[in-house]
Amino acid sequence: MSAVRGPIVAAFALSLALPFATARAADPDPDIARLGQRLQAIDTDPQRNAFAAYERLQARQAVQTLQTAKRKQKPLALQIARIRVETAEIASRTESSGAELQRLEIERGELLVEASRRDAERARAESERLRIEARIQAEETARLREAVQAESRNREEAEGLLDTVAGSEAEKLRLAREREAELARREAELTAGGPLPGDAAPKPAAKPKPKPKPKPKPVRR
């Protein structure tokens, strides 16, 4: 039906002026005038004038038939014209609503596609953000691990150095105490008039060695 909409619209557009021009020439029929106004309301409505072309053509033909009908045929022709006009009104509203519904469905689909695209972009952005945060966290963890290991090595080296220094200082202290004790002992002996520690004691006189006894000569027989 939509394929013939263009030619039909052109056809009944041309037929629009003729019936009502004839009606204006004679005494106007109020029924025809009302039906014509209802059809004209469809024609001037931008939301409906592109729809129900076939039904509107049938309604105009029915109004034309009503204009030319004889007195006895007027009631039936009026009833048919009213039905045709009402059908055109309902069809135009229905097709207009369907087209609007289809437009809204298309718009809704486009919005859903756009929303899905934006959701996908947000998901990708969130995934990238989490990946970067995970990488930064891993790098920070590795850096902290290296710092802890370096601190542990430095602490072990410092403890070893402290042990070495402490051992050296302890040895120095021990030697100093020994020297102090030695000096105190020497001072005590010097005060007592005895030999100083480290002085050589007088050696006793050497005893004369005994002469060896002569060996007895063997007796000859």
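Note that residues are indexed from 1 along each chain, following the sequence as it is written. Selection of residues for local features in this predicted model requires a pLDDT of at least 70, selection of side-chain atom pairs for listing and counting requires 80 or more, and totals for whole chains, interfaces and linings are taken over all residues. Excluding hydrogens and water, the side-chain values take into account all heavy atoms of the structure.

A separate point is the environment of Glu 100. Where helices and strands are cited, they refer to DSSP runs of H or I of at least four residues and of E of at least two residues respectively, numbered from the N terminus. Relative to the elements of secondary structure, Glu 100 occurs in helix α4 (residues 74-192). Spatially, the C-alpha atoms of Glu 100 and Gln 47 are 9.1 Å apart, while their sequence positions differ by 53 residues.

Quick look at the packing of helix α3 (residues 53-68) against α4 now. Relative orientation and spacing of two packed helices are given, respectively, by the angle between their axes and the distance between those axes. Lines fitted to C-alpha atoms define the axes, with helix axes restricted to the stretch in contact, and inter-axis angles between N-to-C directions lie between 0 and 180 degrees. Between α3 and α4, the least distance of the axes is 8 Å, while the angle of their chain directions is 160°. Taken as axis vectors, α3 and α4 run roughly antiparallel relative to one another. You can see that α3 and α4 cross each other, and the crossing is left-handed. Residues Glu 55, Arg 56, Gln 58, Ala 59, Ala 62, Val 63, Leu 66 and Gln 67 of α3 touch α4, and the partners they reach there are Lys 74, Ala 77, Leu 78, Ile 80, Ala 81, Arg 84, Val 85, Thr 87, Ala 88, Ala 91 and Glu 95. Ten residue types, Ala, Val, Leu, Ile, Met, Phe, Trp, Tyr, Cys and Pro, are classed as nonpolar, four, Asp, Glu, Lys and Arg, as charged, and the remainder, Gly among them, as polar. Classifying every residue of the contact of α3 with α4 gives 11 nonpolar, 3 polar and 5 charged. We call two directions roughly parallel when the angle between them is under 35 degrees, roughly antiparallel when it is over 145, roughly perpendicular when it lies between 65 and 115, and oblique otherwise. The sense of a crossing depends on the near helix, which, turned anticlockwise from the far helix by less than a right angle, makes the crossing left-handed and, turned clockwise, makes it right-handed. In this description, contact between two residues means that some pair of their heavy atoms is separated by no more than 4.5 Å.

Moving on, we get to the confidence of the model for the protein. Averaged over every residue, the pLDDT of the protein is 79; residues scoring 70 or more account for 75%. The predictor rates its confidence in each residue with pLDDT, a number between 0 and 100. Confidence drops under pLDDT 50 across residues 9-14; counting only partners more than four residues distant or on other chains, this segment forms 6 contacts. Low pLDDT, under 50, characterises residues 20-25; the stretch is placed with 7 contacts to residues that sit more than four places away or in other chains.

The residue Val 85 is located in helix α4 in this model. On the basis of relative accessibility, which here comes to 0%, the residue Val 85 falls in the buried class. Between the C-alpha atoms of Val 85 and Ile 42, which are 43 residues apart in sequence, the distance is 9.9 Å. Beyond its immediate sequence surroundings of up to four residues, Val 85 is in contact with Leu 35, Arg 38, Leu 39, Ala 59 and Val 63. Burial classification: accessible surface area is computed with a 1.4 Å probe over protein chains only, and a residue below 20% of its type maximum counts as buried, one above 50% as exposed, and the rest as partly exposed.

Before going further, it helps to examine helix α2 (residues 30-44). Relative to the 21 Å expected for 15 residues at 1.5 Å per residue, α2 spans 21 Å between its end C-alpha atoms, a close match to the ideal helical length. Of the positions making up α2, those classed as buried are Asp 31, Ile 32, Leu 35, Gly 36, Leu 39, Ile 42 and Asp 43. Taken around the axis of α2, the buried residues stretch over an arc of 125°, which confines them to a single face. Exposed residues on α2 whose side chains face more than 90 degrees from its buried face are Gln 37 and Thr 44. Looking at where α2 begins, the residue whose side-chain oxygen comes 3.0 Å from the main-chain nitrogen of Asp 31 is Asp 29. How far a helix is expected to stretch is found by multiplying one less than its residue total by 1.5 Å. Taken from the helix axis, the directions to the C-beta atoms give the arc we talk about. Two N or O atoms form a polar contact when they lie within 3.5 Å of each other; inside protein one atom must be a possible hydrogen donor and the other a possible acceptor, and for residues adjacent in sequence the pair counts only when both atoms belong to side chains.

Before going further, it helps to examine the packing of α2 against α3. Running from N to C, α2 and α3 cross one another at 160°; their axes reach a closest spacing of 11 Å. Classified by the interaxial angle, the pair formed by α2 and α3 is roughly antiparallel. Along this stretch, α2 crosses α3, giving a crossing that reads as left-handed. Judged by residue contacts, Ile 32, Leu 35, Leu 39, Gln 40, Ile 42 and Asp 43 of α2 engage Arg 56, Ala 59, Arg 60, Val 63, Leu 66 and Gln 67 from α3. A per-class count over the contact of α2 with α3 returns 7 nonpolar, 2 polar and 3 charged.

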